[in-house]
Amino acid sequence: MTTRPAPHFTLWNVGPQQVHVTFAGGRIVSDAGLLAVRALEKPLRVIADLARRLPDPRSPKYIEHSAEALLTQAVYQILAGYPDFDDARQLRDDPLFQILADVSPDAGHPLASGSTLARFQYAYTRRQAGLPRDERPALLEARAAQTGRVKVLNDYLVDLFARTRRAPPAEVILDIDASDDPVHGHQALSGYHGYYRQHQYLPLFVYDGATGFPLAAWLRPGAAHASLGAAEVLDGIVARLRAAWPGVRIKVRSDNGLAVPGLYDYCEAHDLPYAFGYATNPVLQRATAQALADLELNHHWYGHRETTVQRFESLTDYRAESWPHPRRIVAKIEVTPQGSQRRFVVTNLAEPPAAVYRDFYVQRGKVPEQPIGEMKNGLQADRLSACGFCANAFRLLVHTLAYAIVVLFREAVAAVPEVATATVSTLRQRLWKAGALVVTSARRICLHLSESWPYRELWARVLAAVQGFVGPVPAG
């Protein structure tokens, strides 16, 4: 057997020394910092417990990679910045990703290929593969698995949130929002949305308002209304939260895309304080006209001392035609050097209007806008290029699970100020993208990181914080 010589390149000179490049440095990996994430996620059994719940219609005699192994591989590829299944062609032999998946670094035991990951996404099964297509009972089993996984994963996000809290919260704020997801072809149930002016999906997200932890991610057709299914999604989350913490107070907030009577009725019937952005109309304009005139007069005479002035009003007798009774409207009236504006919020909160608007409603700028931005920009959650709708729904949830692990990671390192509030991109740059030489023996797998790595001391503190965090948290 002959060994192919390693490529060798000669570049320029540095003084009397020539610069040479060769690929003979051993098994060097580039994402060794992800070991700190795995040191958090594995004891908490985030992926392992989910894999146990997922329907898996695959025939046992054809299974080489377990559901847990496939999920682990997919999640850590996303965290490392390799969101596509095609990336698995190179990464399946990477020693670091093998270690993350609890596989000894061995070229003879690669991880799953991209096609295997895709078949798992589609819940593909080879049972009765020799029968004519219309006679295969396994097709119904695969379809049930596809739809069941979406429900299982969404339920699991709420359960994971509940069991990883250090103490039962007195209050949970549910931030609910829709977001556009441009399609990359003619995917099933995609559609043209007039507001966004593109062909897309319109997923619905729910986050915990305090931490940004994802509680739901439901893929929906592209031309759907923003409020489609929102009451049913909230109902499932509220039921699971109240089962975990019977005395918890739950509040809901969102923008005017979800300000529809069905959601008001649901929140009022289930004792959920809420605040939704509300679109302006001539009735509200007339009701706040005098307050705006007073504020503009004040700004005219005293604007040199205070360039921006605000006033908050509460309208308790406003009733739209489709409402069974009046509801409270909070108005923010503002005059700036650029002009005046009015914003409205429909709410059943009893606090003063300024507190409702500034201290509660506008805080949704941090959640859910920031988490959605991180999922799209940091974890590429909008790369839903499968043909099947259920496959894309499952893929979106895998990205959401990866983001849940990121939120848990930030909670674990809250005492490390350099990364306590870091974005996914910053975490990847500072902590996760780290080169290491992998050396294996019969009893040990050793990763040698660079002694000159700029974030060496920071990573050590992060790992210590992670190990301290996982101790008291129950893993079951």
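Residues numbered from 1 in each chain as written. Predicted model: local features only at pLDDT ≥ 70, side-chain atom pairs only at ≥ 80, totals over all residues. Heavy atoms only, no water.

A. Region of the structure containing the overall build of the chain. Looking only at helices and strands, one finds 16 helices and 16 strands in the chain. For the chain, the spread of C-alpha atoms along the three principal axes comes to 90 × 70 × 45 Å. Here the chain, with 476 residues, has 50% of them falling under the buried criterion. For the chain, the share of sequence-separated contacts (at least 6 apart) that also reach a separation of at least 24 residues comes to 65%. Element-wise, carbon and sulfur atoms account for 54% of the exposed surface of the chain, whose accessible area totals about 23,200 Å². Separation between the mean location of the 52 positive side-chain charges and that of the 46 negative ones in the chain comes to 4 Å. (Helix = DSSP H or I, 4+ residues; strand = E, 2+ residues; numbered from the N terminus. Buried < 20%, exposed > 50% of the residue type's maximum accessible area, 1.4 Å probe, protein only. Contact = heavy atoms within 4.5 Å. Areas by Shrake-Rupley, 256 points an atom, 1.4 Å probe, with all protein chains shown as cover. Lys, Arg positive; Asp, Glu negative; His and termini not counted. Charge placed at Lys NZ, Arg CZ, Asp CG, Glu CD.)

B. Here's a closer look at the nonpolar core. Formed by 131 residues in total, the largest nonpolar core has its most connected members in Leu79, Leu174, Phe276, Tyr278, Phe409 and Trp432. Ranked by residues supplied to this core, first place goes to helix α14 (residues 389-412) with 16 residues. By size, the runner-up hydrophobic cluster in this structure holds 10 residues, among which are Phe312, Val330, Val345 and Tyr361. (Core = buried A, V, L, I, M, F, W, Y, C linked by side-chain atoms within 4.5 Å.)

C. Spotlight on the sheet that holds strand β11 (residues 274-278). As summarised here, the arrangement of the eight strands in space is β9-β8-β4-β10-β11-β14-β13-β12, forming an open sheet in which the pairing is mixed. This sheet does not close on itself; its edge strands, each paired only once, are β9 (214-218) and β12 (309-318). Neighbour-to-neighbour, the strand axes of the sheet open up by a mean angle of 20°, direction not taken into account. Against the sheet, helix α11 (residues 289-302) touches β12, β13 (327-336) and β14 (339-347), its axis set at about 25° to β13. (Pairing = 2+ DSSP bridges. Axes fitted to C-alpha atoms, helices over the stretch in contact; angles between N-to-C directions.)

D. Spotlight on the sheet that holds strand β5 (residues 181-182). One open sheet accounts for three strands, arranged β5-β7-β6; its pairing is antiparallel. Looking at the sheet topology across the chains shown, the edges are occupied by β5 and β6 (191-193).

E. Seen up close, the confidence of the model for the chain. Residues of the chain with pLDDT of at least 70 account for 95%, and the chain-wide mean is 91. The least confident element of the chain, judged by mean pLDDT, is strand β2 (residues 17-22) at 85; the most confident is β9 at 98. (pLDDT = per-residue confidence, 0-100.)

F. Inspection of helix α13 (residues 369-377) at higher detail. Of all the residues in α13, the buried ones are Pro371, Ile372, Glu374 and Met375. Burial along α13 is one-sided: seen end-on, the buried residues are contained in an arc of 160°. (Arc of directions from axis to C-beta.)

G. Spatial organisation of the pairing of β14. Alignment of β11 against β14, held across four bridges, turns out to be antiparallel. Note on β14: the bridge partner recorded for Gly277 is Val345. Pairing analysis gives nine bridges linking β13 to β14, with the strands arranged antiparallel. Each bridged residue has a counterpart across the sheet, and for Glu334 the counterpart in β14 is Gln341.

H. How the structure looks around unusual backbone geometry. Here the bond from Val367 into Pro368 is cis, since omega is 15°, no more than 30 degrees from zero. Positive phi values are uncommon outside glycine, yet Asp102 reaches one of about 60°. Its place among the elements puts Asp102 in the loop between α5 (95-100) and α6 (114-121). According to the relative accessible area criterion, Asp102 is partly exposed, its value standing at 46%.

I. Quick peek at the pairing of strand β7 (residues 198-201). Pairing between β5 and β7: two bridges, direction antiparallel. Residue Asp181 lies in a different strand from β7, and its bridge partner there is Tyr201. Taken together, the three bridges between β6 and β7 define a ladder with antiparallel strand orientation. The residue bridging Gly191 from the neighbouring strand is Gln200, located in β7. In sequence, β6 turns back onto β7 through a hairpin of four residues, with Arg197 there showing a positive phi of about 55°.

J. Up close: the packing of helix α1 (residues 35-44) against α14. Put simply, α1 and α14 touch, their axes get as near as 10 Å, and they point 105° apart. Here α14 runs roughly perpendicular to α1, going by the angle between their axes. Contacts from Ala36, Val37, Leu40, Glu41 and Leu44 in α1 reach Ile405, Leu408, Phe409 and Ala412 in α14. Residues of the contact of α1 with α14, tallied by class, amount to eight nonpolar, no polar and one charged. (Parallel < 35°, antiparallel > 145°, perpendicular 65-115°, else oblique. Nonpolar A, V, L, I, M, F, W, Y, C, P; charged D, E, K, R; others polar.)

K. Inspection of the pattern of salt bridges at higher detail. Applying the stated criterion to the full structure yields 28 salt bridges. Across the salt bridge formed by Glu268 and Arg327, the nearest N and O atoms sit 2.8 Å from each other. With Glu268 in helix α9 (residues 261-269) and Arg327 in strand β13, this pair connects stretches of sequence that are 59 residues apart. Residue Glu268 is classed as partly exposed on the basis of its relative accessible area of 29%. Of the charged contacts in the structure, one is a salt bridge between Arg461 and Glu457, with a shortest N-O distance of 2.6 Å. Residue Arg461 and its partner Glu457 are located together in helix α16 (residues 456-470), separated by four residues, close to a single helical turn. Salt bridges sharing common partners tie together Arg53, Lys151, Asp155, Asp159 and Arg240. (Salt bridge = Lys/Arg side-chain N within 4 Å of Asp/Glu carboxyl O.)

L. The environment of Leu447, seen in detail. Structurally, the position occupied by Leu447 is in strand β16 (residues 445-449). In this structure, the C-alpha to C-alpha distance between Leu447 and Gly435, residues 12 residues apart in sequence, is 9.2 Å. In contact with Leu447, other than residues within four places in its own chain, are Val29, Ala32, Leu35, Leu96, Ile99, Ala436, Leu437 and Val438.

M. The arrangement of helix α2 (residues 46-53) in detail. Within α2, six of the eight residues are buried, which leaves the element mostly enclosed by the surrounding structure. Considered for burial, the residues of α2 that qualify are Val46, Ile47, Ala48, Asp49, Leu50 and Ala51.

N. A look at the packing of α14 against α16. Where α14 contacts α16, the axes come no closer than 8 Å and their chain directions differ by 100°. Considering their axes alone, α14 and α16 lie roughly perpendicular with respect to each other. Of α16, the residues touching α14 (which contributes Phe409, Glu411 and Ala412) are Val462, Ala465, Val466 and Phe469. Classifying every residue of the contact of α14 with α16 gives six nonpolar, no polar and one charged.

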